[in-house]
Amino acid sequence: MSVQNVSTSPIIIGLTGGIASGKTTASNYFLQLNIPVIDSDHIVKELWENNQEMIDKVEAFFHLSVKTYEDRKKLGHMIFHNDQKREALNHMVHPYVFAKIEQLKKEYHNSPYIVIDMPLLIEVGYQELCDYVLVVYVDLETQIKRLVTRDALDRTEAITRIHAQLLLEEKIKHADVILNNNGSLDELYQQIDEFLRGIQNEK
Ligand code: ATP
């Protein structure tokens, strides 16, 4: 499929879905089509490595070091069962993530489309800033199997991780398009092609 540069303002495509639903797989396909992808997980990882201002704020608030991956795992554990602390952390981190996304969006301003791959897109309300929201959907059993295989988890641990997020059924309520990823990779790619054809025709 060829993607022509026909718009001065890129169309923002939010891509989300549950853990191991296939967001990265879908993102990689967009990249193959030369559509830039902004990966929010990657941004968060870089912020923890490089953004001293954010790190200082978090360390001061939680009274602990977050320098190493092990430190941050401890922080993750601390906030996992504590909604207030999780909220507080999100309030500190999200503005930096959003600022970085805005910066990258400017860098890709010549592209007709920009994909924003964000696992918690719905949870943080980012759908408001997207022209289209795509939710990658897999049924629970497929999701568990793929998570078990990819991350070498046992079934119980896989289920715990799935339930730590908003369930896919909730996310799809906000979808403009649901990408059904229960089938083969080719079937997923075909749905992406179809979506892109659809929005090209809308222009
Ligand atoms: P996370 O939320 O953990 O980052 P993700 O949503 O990005 O996960 P992927 O890593 O893309 O999910 O996919 C999860 C696993 O399922 C990977 O091992 C991937 O190769 C595999 N997978 C994705 N789609 C398919 C498919 N259609 N058929 C078979 N395997 C698939």
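Placed above this text is the structure.
A brief structural summary.

Scoring rules and cut-offs
- Residues numbered from 1 in each chain as written.
- Predicted model: local features only at pLDDT ≥ 70, side-chain atom pairs only at ≥ 80, totals over all residues.
- Heavy atoms only, no water.
- Helix = DSSP H or I, 4+ residues; strand = E, 2+ residues; numbered from the N terminus.
- Buried < 20%, exposed > 50% of the residue type's maximum accessible area, 1.4 Å probe, protein only.
- Contact = heavy atoms within 4.5 Å.
- Areas by Shrake-Rupley, 256 points an atom, 1.4 Å probe, with all protein chains shown as cover.
- Expected span 1.5 Å × (residues − 1).
- Pairing = 2+ DSSP bridges.
- Axes fitted to C-alpha atoms, helices over the stretch in contact; angles between N-to-C directions.

### A short note on the overall build of the protein
Thinking step 1. Helices and strands together make up the secondary structure of the protein, namely nine helices and five strands.
Thinking step 2. Expressed as lengths along the three principal axes of its C-alpha atoms, the size of the protein is roughly 55 × 40 × 25 Å.
Thinking step 3. Expressed as a percentage of its 203 residues, the buried residues of the protein come to 43%.
Thinking step 4. Taking all contacts inside the protein whose residues are at least 6 apart in sequence as the whole, residues at least 24 apart take part in 75%.
Thinking step 5. When the accessible surface of the protein is split by element, carbon and sulfur atoms take 51% of a total near 11400 Å².

### Side note on helix α6 (residues 140-151)
Thinking step 1. In a regular helix each residue adds 1.5 Å, so 12 residues correspond to 16 Å; α6 covers 16 Å between its end C-alpha atoms and thus fits that length.
Thinking step 2. Those residues of α6 lying buried are Thr142, Gln143, Ile144 and Leu147.
Thinking step 3. Taken from the residues just after α6, alanine 152 is the one with a positive phi, measuring 50°.

### So, the side chain of lysine 171
Thinking step 1. When you line up the elements, lysine 171 lands in helix α8 (residues 168-171).
Thinking step 2. Since its relative accessible area comes to 0%, lysine 171 is described here as buried.
Thinking step 3. Apart from residues lying up to four places away in sequence, lysine 171 is in contact with Thr16, Gly17, Gly18, Pro119, Ile122, Glu123, Val135, Gln165 and Leu166.

### Focus: the sheet that holds strand β5 (residues 177-180)
Thinking step 1. As summarised here, the arrangement of the five strands in space is β2-β3-β1-β4-β5, forming an open sheet in which the pairing is parallel. Unpaired on one side and paired on the other, β2 (37-39) and β5 mark the two borders of the sheet. Taking the axes of each pair of neighbouring strands and ignoring which way they run, one obtains an average angle of 25° across the sheet.
Thinking step 2. In terms of strand pairing, strand β4 (residues 132-137) meets β5 through four bridges, oriented parallel. Within β5, the position partnered with valine 136 by the bridge is leucine 179.
Thinking step 3. The sheet strands contacting helix α1 (residues 23-32) are β1 (11-17), β2, β3 (113-117) and β4, and the helix crosses β1 at an angle near 150°.

### Some words on the pairing of β1
Thinking step 1. Within β1, seven of the seven residues are buried, leaving the element largely enclosed by the surrounding structure.
Thinking step 2. Two elements, β1 and β4, share five bridges in a ladder whose sense is parallel. Each bridged residue has a counterpart across the sheet, and for glycine 14 the counterpart in β4 is valine 133.

### Structural notes on unusual backbone geometry
Thinking step 1. A positive phi angle, near 60°, is found at alanine 20, a position not held by glycine.
Thinking step 2. Along the chain, alanine 20 falls in the loop between β1 and α1.
Thinking step 3. Here alanine 152, not a glycine, exhibits a phi torsion of approximately 50°, which is positive.
Thinking step 4. Along the chain, the position of alanine 152 falls in the loop between α6 and α7 (155-163).

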